[in-house]
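Summary of the model geometry
In case you want the letters, here they are:
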Amino acid sequence: QVQLVESGGGLVQPGGSLRLSCAISGNIFSIRTVGWYRQAPGKQRELVASITRNSNTNYADSVKGRFTISRDNANNMVYLQMNSLRPEDTAVYYCNLAPPRLNDWGQGTQVTVSS
């Protein structure tokens, strides 16, 4: 079993930045890829970025050039640096394995981009 806890969300103006953190605990020996997901009201949850244990990364087209995913394996942390935020980035952001495990979804962290 793996536990993932997100933090770092908040309210920001368009064009602003936030850095999200994901703390991973439990049995992490099988973890190779971790993703950041988001879900806006009325929309399906989507994968926005992922990172392998060796720090290979992948991004959704909507966030390329603006978001950066990184990880600190020694401290079991995964981060998402979000720059140039847009109102359409407003969502609850979650971290999970990629592909995700259903019972590992946590509370997420709310990101609101608004003037």
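This section reports on the structure supplied with the text.

Definitions and limits used
Residues numbered from 1 in each chain as written. Predicted model: local features only at pLDDT ≥ 70, side-chain atom pairs only at ≥ 80, totals over all residues. Heavy atoms only, no water. Helix = DSSP H or I, 4+ residues; strand = E, 2+ residues; numbered from the N terminus. Buried < 20%, exposed > 50% of the residue type's maximum accessible area, 1.4 Å probe, protein only. Contact = heavy atoms within 4.5 Å. Lys, Arg positive; Asp, Glu negative; His and termini not counted. Charge placed at Lys NZ, Arg CZ, Asp CG, Glu CD. Salt bridge = Lys/Arg side-chain N within 4 Å of Asp/Glu carboxyl O. Disulfide = S-S within 2.5 Å.

1. Some remarks on the overall build of the protein chain
Helix and strand content of the protein chain: zero helices and ten strands. Ordered by position in the sequence, the α and β elements of the protein chain form the string β-β-β-β-β-β-β-β-β-β. If you line up the protein chain on its principal axes, its C-alpha atoms span 40 × 25 × 20 Å. When each of the 115 residues of the protein chain is scored for burial, the buried share is 42%. Taking contacts inside the protein chain between residues at least 6 apart in sequence as the whole, the part at least 24 apart equals 52%. Here the protein chain carries 11 positive and 7 negative side-chain charges, and the mean point of each set is 4 Å from the other.

2. Comments concerning the pattern of salt bridges
This structure, assessed with the given rule, holds four salt bridges. Residue lysine 64 pairs with aspartate 61 through a salt bridge whose shortest N-O separation is 3.0 Å. Judged by relative accessible area, lysine 64 falls into the partly exposed class, the value being 47%. Assessed through its relative accessible area of 65%, aspartate 61 is described here as exposed. We note a salt bridge from arginine 66 to aspartate 89, for which the minimum N-O separation is 2.7 Å. Here the residue arginine 66 occupies a position in the loop between strand S6 (57–59) and strand S7 (67–72), and aspartate 89 occupies one in the loop between strand S8 (77–82) and strand S9 (91–97), the gap between them amounting to 23 residues. Like arginine 66, the residue aspartate 89 is buried in the burial classification. Salt bridges here are not isolated pairs; linked through shared partners, they connect Arg38, Glu46, Arg66 and Asp89.

3. Thoughts on the state of the cysteines
Counting across every chain of the model gives one disulfide. Cysteine 22 shares a disulfide with cysteine 95; S-S distance 2.1 Å. Negative torsions about the S-S bond denote left-handed disulfides, and the value of about 80° found for cysteine 22 with cysteine 95 makes this one right-handed. Of this pair, cysteine 22 sits in strand S3 (residues 18–26) while cysteine 95 sits in strand S9; the two residues are 73 residues apart in sequence, bridging distant segments of the chain. Both residues of the pair, cysteine 22 and cysteine 95, belong to the buried class.

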